[in-house]
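Commentary on secondary and tertiary structure
Each chain, letter by letter, is given below.
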Amino acid sequence: MKTFLTIEDLTKELNLVKASEKTSGLVPTMGALHQGHLSLVKQSRSECDVTIVSIFVNPTQFNNPDDLKKYPKTLDQDLELLESNGCDLVFVPSVKEMYPTKPELNISFGAIENALEGEHRPGHFEGVGMIISRLFTIIEPTKAYFGQKDIQQFYIIKKLIDEMGIHVDLRRAPIVRESNGLAMSSRNERLSAQERAQAAVIYQSLEQAKQKIVSGVKFPSVQQETERIFEGQSGMDLEYFEMVETKEFSSVTDFKNKEIALCIAVNVGEVRLIDNILIFS
Ligand code: PAF
């Protein structure tokens, strides 16, 4: 496995990959790697000749400076994990390398940008769009891998690719969960053992809600029930629980020909967690 800190060095290596007509898979990450990331690496390895992982805690997608400061950083462990999981190239740029000047370009994604995560984290998707378009321009991967846990992010990136005409095959991998059902996330590292155990209720509530919806219960009453579940959990604060179609992430009442997701965001102590479950897809 080779590690690169600069665009120049990485580009030299990527030119060799392209010259030999090999396919490449990019897994963009912010580090603090877990089994969810490793499942993306595995998928890339099975579909591409060369797997590249980027590790960059992207400041432009954090609307809360404290959240950025506290984002877990475990670089040595990440590199060991990537090596033992067969990653070929790792790109670990500095902030200066990725943003030599303060970015002024505005990327706007329309309605999808203002729903759910976009509404609660203003500017977040603009930052994600900026860093991903930059990574696509530098690396020009054949395929790029993202997890379903950040389902709205996945569709933001789909929109970026479609509207910019970027030649990359966007791939989505299922959510990987801990044994109690909690969706794997780098932020889980910040939970105490007790919070981690308690956070299992997030997925349980999604499963329960899905069963109700599928058996014909209307969403408003399912939503009320979910709100009640979290009112009974001390130290947990439900930020949103919505049923949306995945084009613009607007609320839905009918299920015709659409992918529908139940999306949830919960603050567990000081840690904000998100999760989702697909109902009809
Ligand atoms: O999902 C993440 O970890 C980040 O949003 C991403 C896609 C690596 C962009 O910084």
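**Comments concerning the sheet that holds strand 8 (residues 260–268)**
Whenever strands of a sheet pair, they do so through backbone hydrogen bonds, lying parallel or antiparallel. As summarised here, the arrangement of the 3 strands in space is 7-8-9, forming an open sheet in which the pairing is antiparallel. Each edge of the sheet is formed by a strand with only one pairing partner; in this case those strands are strand 7 (236–245) and strand 9 (271–280). The sheet shows a mean angle of 15° between the axes of neighbouring strands, direction not considered. Here strand 8 runs beside strand 9; their pairing, made up of 9 bridges, is antiparallel. The residue bridging Val266 from the neighbouring strand is Leu273, located in strand 9. Against the sheet, helix 11 (residues 200–214) makes contact with strand 7, strand 8 and strand 9, and its axis sits at roughly 25° relative to strand 9, the strand it touches most.

**Some words on the layout of surface pockets**
Over the atoms, a rolling probe the size of a water molecule traces out where space has been left empty. The space that makes up the largest pocket amounts to roughly 240 Å³. Considering each element in turn, the lining of the largest pocket owes the most residues, 4 residues, to helix 9 (residues 151–164). Classifying every residue of the lining of the largest pocket by side-chain character gives 2 nonpolar, 1 polar and 7 charged.

**What to know about the site of the ligand**
Near the ligand you find Pro28, Thr29, Met30, Asn58, Gln61, Ile131, Ile132, Phe146, Asp150 and Gln153, and these make up its full shell. One nitrogen or oxygen atom from the side chain of Gln61 is found 2.6 Å from an oxygen atom belonging to the ligand. With respect to the ligand, the side chain of Gln153 contributes an N or O atom lying 2.6 Å from an oxygen atom. Computed on the free molecule, the ligand has an accessible area of 290 Å², of which 89% lies beneath the protein chains in the complex. Of all the secondary-structure elements, those providing two or more residues to the shell around the ligand are strand 2 (24–29) and helix 8 (124–139). Split by residue class, the shell around the ligand holds 5 nonpolar, 4 polar and 1 charged.

**A word on the packing of aromatic side chains**
Following the criterion strictly, the structure yields 5 aromatic pairs and no others. Ring plane angle 55° and centroid distance 6.0 Å describe the contact between Tyr155 and Phe249, whose orientation is recorded as tilted. A residue pair is termed long-range when its members are at least 10 positions apart, and Tyr155 in helix 9 and Phe249 in the loop between strand 7 and strand 8 qualify at 94 residues. Residue Tyr155 is classed as buried on the basis of its relative accessible area, which comes to 16%. A relative accessible area of 3% places Phe249 in the buried class.

**Comments concerning the nonpolar core**
In terms of nonpolar packing, the biggest core is built from 46 residues, with Ile132, Phe136, Ile139 and Phe249 touching the most fellow members. When residues in this core are grouped by element, the largest group, 9 residues, is from helix 8. When near neighbours in sequence (up to four residues on either side) are disregarded, Ile132 contacts Pro28, Phe146, Ile157 and Leu160. With 26 residues, the next largest nonpolar core counts Ile213, Met236, Leu238 and Ile264 among its residues.

**Notes on the pairing of strand 7**
Burial of strand 7 is extensive: 7 of the 10 residues sit out of reach of the surface. The pairing of strand 7 with strand 8 spans 9 bridges and is classified as antiparallel. Paired with Met243 across the strands is Leu262, a residue of strand 8.

**A look at the environment of Leu206**
By secondary structure assignment, the location of Leu206 is in helix 11. For Leu206, a relative accessible area of 0% puts it in the buried group. With 71 residues separating them in the primary sequence, Leu206 and Ile277 have C-alpha atoms 6.5 Å apart. The contacts of Leu206, once residues within four sequence positions are left out, are Phe241, Leu262, Ile264, Asp275, Asn276 and Ile277.

Reading the values: rules and limits
Residues numbered from 1 in each chain as written. Predicted model: local features only at pLDDT ≥ 70, side-chain atom pairs only at ≥ 80, totals over all residues. Heavy atoms only, no water. Pairing = 2+ DSSP bridges. Helix = DSSP H or I, 4+ residues; strand = E, 2+ residues; numbered from the N terminus. Axes fitted to C-alpha atoms, helices over the stretch in contact; angles between N-to-C directions. Contact = heavy atoms within 4.5 Å. 1 Å grid on protein atoms, 1.4 Å probe; cavity = no way out; pocket = protein on both sides within 12 Å on 5 of 7 lines; lining within 4 Å. Points joined across faces, edges and corners; volume = space filled by probe spheres on them. Nonpolar A, V, L, I, M, F, W, Y, C, P; charged D, E, K, R; others polar. Near = heavy atom within 4 Å. Polar contact = N/O pair within 3.5 Å; in protein donor to acceptor, adjacent residues only side chain to side chain. Areas by Shrake-Rupley, 256 points an atom, 1.4 Å probe, with all protein chains shown as cover. Phe/Tyr/Trp six-rings, centres within 6.5 Å; stacked < 30°, edge-to-face > 60°. Buried < 20%, exposed > 50% of the residue type's maximum accessible area, 1.4 Å probe, protein only. Core = buried A, V, L, I, M, F, W, Y, C linked by side-chain atoms within 4.5 Å.

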